[in-house]
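# Chain and residue survey
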Amino acid sequence: MTHTIIEPFRIKMVEPLPLTRPEDRARFLKEAGFNLFKLHAAQITIDLLTDSGTGAMSAAQWAAMMTGDETYAGSESFFELERTVRDLTGVLHVIPTHQGRAAEHILFSAIHQPGMVVLANAHFDTTRANVEYLGGTARDLVVAEAADPSSEHPFKGNIDLARLEQHLKAEGDKVAMVLMTITNNRGGGQPVSLANLRAASELARRFGKPFFLDAARFAENAWLIKQREAGQASRSAAEIAREVFRLADGFTLSAKKDGLVNIGGLLGINDDALAEKARALLILTEGFPTYGGLAGRDLAALAVGLREVLEEPYLEYRQASIRYFYNALDKIGVPLMRPVGGHAVYIDAAATCPQIPKWEYPGVAMANELYLEGGVRAVEVGTLMFGKPGPERDETAGLELVRLTFPRRTYTQSHVDYLVEVVDEVFGRRRRLSGYRIARQSPILRAFTAELQPLAPTPLPAAGR
Ligand code: F0G
């Protein structure tokens, strides 16, 4: 009997990894205003900034790209994608967009009413920004366990059903929709259980509200339901995903994640009138409804990706590689967002560096140190990303996390072994790290562009590669 879960693919095309020296990295980081978003790819050895659009496509997807139909109106690649999406989700209207946030913007604009409220387990940052940009209020009603990194609750993405019901009652007509983000990216890539999705859908229905999914990581969520939820182990991930989509009136989907493509998004809608409004907006900002901001070849690759992502050897390997990293860090004693999530490992930076107050961005301090140590780029998911400037200091976010996000089908086990060494080194000097202050920031989505300054000179790693 063999036990090793192997990558269920072999490599046909390779891309060299940039290798840099510690003194160069210190300079690159300074030139980037101490904001990892501003680094250049050639300065990064292992890039765990995001799993969005950074994965590897399969030979079958590249083959589909070659036969993509570039017809402006009525592209056959669109109809192929439409068939695939309808089969997977059961949705009536399939609207392609250039990425997830375009689908969000169009959906919220189409459903918009003055003072609208969106009730969600958790809004991702672009989702929240799109609701707020339209003058709406985005409420996060995730279960209390989500705020506790040490809780081993298997479904920390669940919505608190009692609070959802309260808000549906209290905010009545103002509620534009109930939105479930699967998995909960902000809170650790934690899944939402099937039971919770069924109950939330029923509640929304009872109050006459549309029930939507932010389905960016629908396949990972389905896999984790299969692994963790009582009574689901014997079903296929595909079967579970198909049921989940059918609980909803529609969805937004960033295809850059579980679509296994480098660019793309989808808006799925059942309601005819809402879909008509959405298509009118689509034509205004994205393009004609049979391509919506994408090339025909992108649509073709996405149709293949949506099928491949539900193949179980792939999902099993994906989860195993993230668990392998999680277990190694856990063994070293690194405080982690527990349990392991679907697309990333999240380090609890507040617990790792208690000497750095939240308004001095412990997550940024740790992420920057990982870069200095090993050319690894992670991302802060904490007060820089979700906090807001206050009169004296920032209103802080709930959790200070560093997300080490795994691109799909991109890195191998030796890369992960290297990552473990890099984190181990930084963890060894965690108490000597100090925080940052913001020198410049923008009012919307500041994390992407802010310039920071270290509050103490960052020491160079003693030995580096
Ligand atoms: N919803 C979720 C849950 C996401 O994680 C993202 C993007 C979006 C929507 C927006 O989709 O990027 O295609 O416009 N998340 C990326 C990340 C950026 O790094 O987690 P998009």
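The shown structure was predicted, so the numbers you read here are calculated from the model rather than taken from an experiment. (Residues numbered from 1 in each chain as written. Predicted model: local features only at pLDDT ≥ 70, side-chain atom pairs only at ≥ 80, totals over all residues. Heavy atoms only, no water.)

### Description of the pattern of salt bridges
The line we're drawing: Between Lys or Arg on one side and Asp or Glu on the other, a salt bridge is scored when a side-chain nitrogen of the former is within 4 Å of a carboxyl oxygen of the latter. Numbered from the N terminus, helices here are DSSP runs of H or I no shorter than four residues, and strands are runs of E no shorter than two. Relative accessible area decides the class of each residue, using a 1.4 Å probe on protein chains only: under 20% of the type maximum gives buried, over 50% gives exposed, and in between gives partly exposed.
On inspection of all chains with the given rule, the structure shows 34 salt bridges. Arg139 is the salt-bridge partner of Glu171, the closest N and O atoms lying 2.7 Å from each other. Of the two residues, Glu171 is situated in helix α6 (residues 161-171) and Arg139 in strand β4 (residues 137-140); the sequence distance between them amounts to 32 residues. Residue class for Glu171 comes out buried when judged on its relative accessible area of 16%. Note that Glu243 is salt-bridged to Arg198, the shortest N-O span being 2.7 Å.

### Here's the deal with helix α5 (residues 125-133)
What counts here: Whether two residues touch is decided by their heavy atoms; if any such pair falls within 4.5 Å, the residues are in contact.
Listed as buried for α5 are Asp125, Thr126, Thr127, Arg128, Asn130 and Val131. Lining the buried residues of α5 we find α4 (100-111), β3 (117-120), β4, β5 (175-181), β6 (211-214) and α15 (383-386). Positive phi appears at Gly135, one or two residues downstream of α5, with a value of about 85°.

### Digging into the environment of Ala349
Examined against the element boundaries, Ala349 turns out to sit in helix α13 (residues 349-352). Ala349 gets classed as buried once you look at its relative accessible area, which sits at 0%. In sequence terms Ala349 and Ala365 are 16 residues apart; their C-alpha atoms lie 8.6 Å from each other. Those residues within four positions of Ala349 in sequence are excluded, and the remaining contacts are Pro362, Gly363, Met366, Glu400, Leu401 and Val402.

### Observations concerning the site of the ligand
Spelled out, the test is: Any residue with at least one heavy atom within 4 Å of a molecule or strand is counted as near it. Definition of a polar contact: a pair of N or O atoms within 3.5 Å, with one able to donate and the other able to accept a hydrogen when the atoms are protein atoms, and with sequence-neighbouring residues admitted only if both atoms are side-chain atoms. Using the Shrake-Rupley algorithm and a 1.4 Å probe, accessible areas are obtained, with residue cover drawn only from the displayed protein chains.
What surrounds the ligand is a group of 16 residues, the closest being Thr50, Arg101, Asp214, Ser254 and Lys257. Between the ligand and Thr50 there is a distance of 2.7 Å, counted from an oxygen atom to a side-chain nitrogen or oxygen. One nitrogen or oxygen atom from the side chain of Arg217 is found 2.9 Å from an oxygen atom belonging to the ligand. In isolation the ligand exposes 470 Å². Once the protein is present, 94% of that is buried. Considering each element in turn, the shell around the ligand owes the most residues, 3 residues, to α4.

### Observations regarding the sheet that holds β4
Note the cut-off: Pairing between strands is defined by DSSP: at least two bridges between them are needed. A fitted line through C-alpha atoms represents every axis, and for helices the fit uses only the stretch in contact; the resulting angles, taken between N-to-C directions, go from 0 to 180 degrees.
The strand order β2-β8-β7-β6-β5-β3-β4 describes an open sheet built from 7 strands, whose pairing is mixed. The two strands at the open ends of the sheet, each matched to only one other strand, are β2 (93-97) and β4. When the angles between neighbouring strand axes are averaged without regard to direction, this sheet yields 20°. For β5 and β6, the ladder comprises 4 bridges, and the chain directions are parallel. Bridge pairing in β6 places Val178 opposite Phe211.

### Section: unusual backbone geometry
Each neighbour pair has its own omega, and for Ile182 with Thr183 the value is -15°, a cis peptide bond. In the segment running from Arg338 into Pro339, the intervening peptide bond is cis, with an omega of -15°. Although it is not a glycine, Phe34 sits at a positive phi angle of roughly 55°. Here Phe34 shows up in the loop between α1 (22-31) and β1 (46-47). Positive phi values are uncommon outside glycine, yet Arg409 reaches one of about 60°. With respect to the secondary-structure elements, Arg409 resides in the loop between β12 (401-405) and α16 (413-428).

### What to know about the sheet that holds β12
Taken together, the 3 strands give an open sheet; going across it, the order is β9-β12-β11, and neighbouring strands pair in antiparallel fashion. Both edges of this open sheet fall to β9 (344-348) and β11 (379-381), since each of them pairs with a single strand only. On average, adjacent strands in this sheet sit at an angle of 35° to one another, irrespective of strand direction. Note that β9 and β12 share 5 bridges and pair antiparallel.

### A short note on the side chain of Ser193
With respect to the helices, strands and loops of the structure, Ser193 is situated in the loop between β5 and α7 (194-206). At 3.0 Å, the side chain of Ser193 and the backbone nitrogen of Asn196 are in polar contact. If sequence neighbours within four positions are ignored, Ser193 has contacts with Phe155, Asn158, Ile225 and Glu229.

### Side note on the nonpolar core
To keep it simple, the criterion reads: Put simply, buried Ala, Val, Leu, Ile, Met, Phe, Trp, Tyr and Cys residues joined by side-chain atoms within 4.5 Å make one nonpolar core.
Among the nonpolar cores identified, the biggest contains 61 residues, and Phe325, Leu329 and Ile347 are the most heavily contacted of them. If you tally residues by element for this core, the top one is α16, at 8 residues. Among residues more than four places away in sequence, those in contact with Phe325 are Val345, Leu404, Phe406, Val416, Leu419, Val420 and Val423. In this structure, Ile182, Ala219, Ile225 and Ala237 belong to the second largest nonpolar core, which totals 58 residues.

### Some details on the pairing of β3
Short version of the rule: We call a crossover right-handed when, viewed with both strands directed away from the observer, the connection leading from the first strand over the helix to the second proceeds clockwise.
Side chains of β3 alternate between two faces, with Val117 and Leu119 and Val118 and Ala120 buried alike. Of the pairings in the sheet, the one linking β3 to β4 comprises 4 bridges and is parallel in character. Bridge pairing links Val117 to Thr137 in β4. Taken together, β3, α5 and β4 constitute a β-α-β crossover, and its handedness is right-handed. Where β3 and β5 come together, 4 bridges link them in parallel fashion. The residue bridging Val118 from the neighbouring strand is Met177, located in β5.

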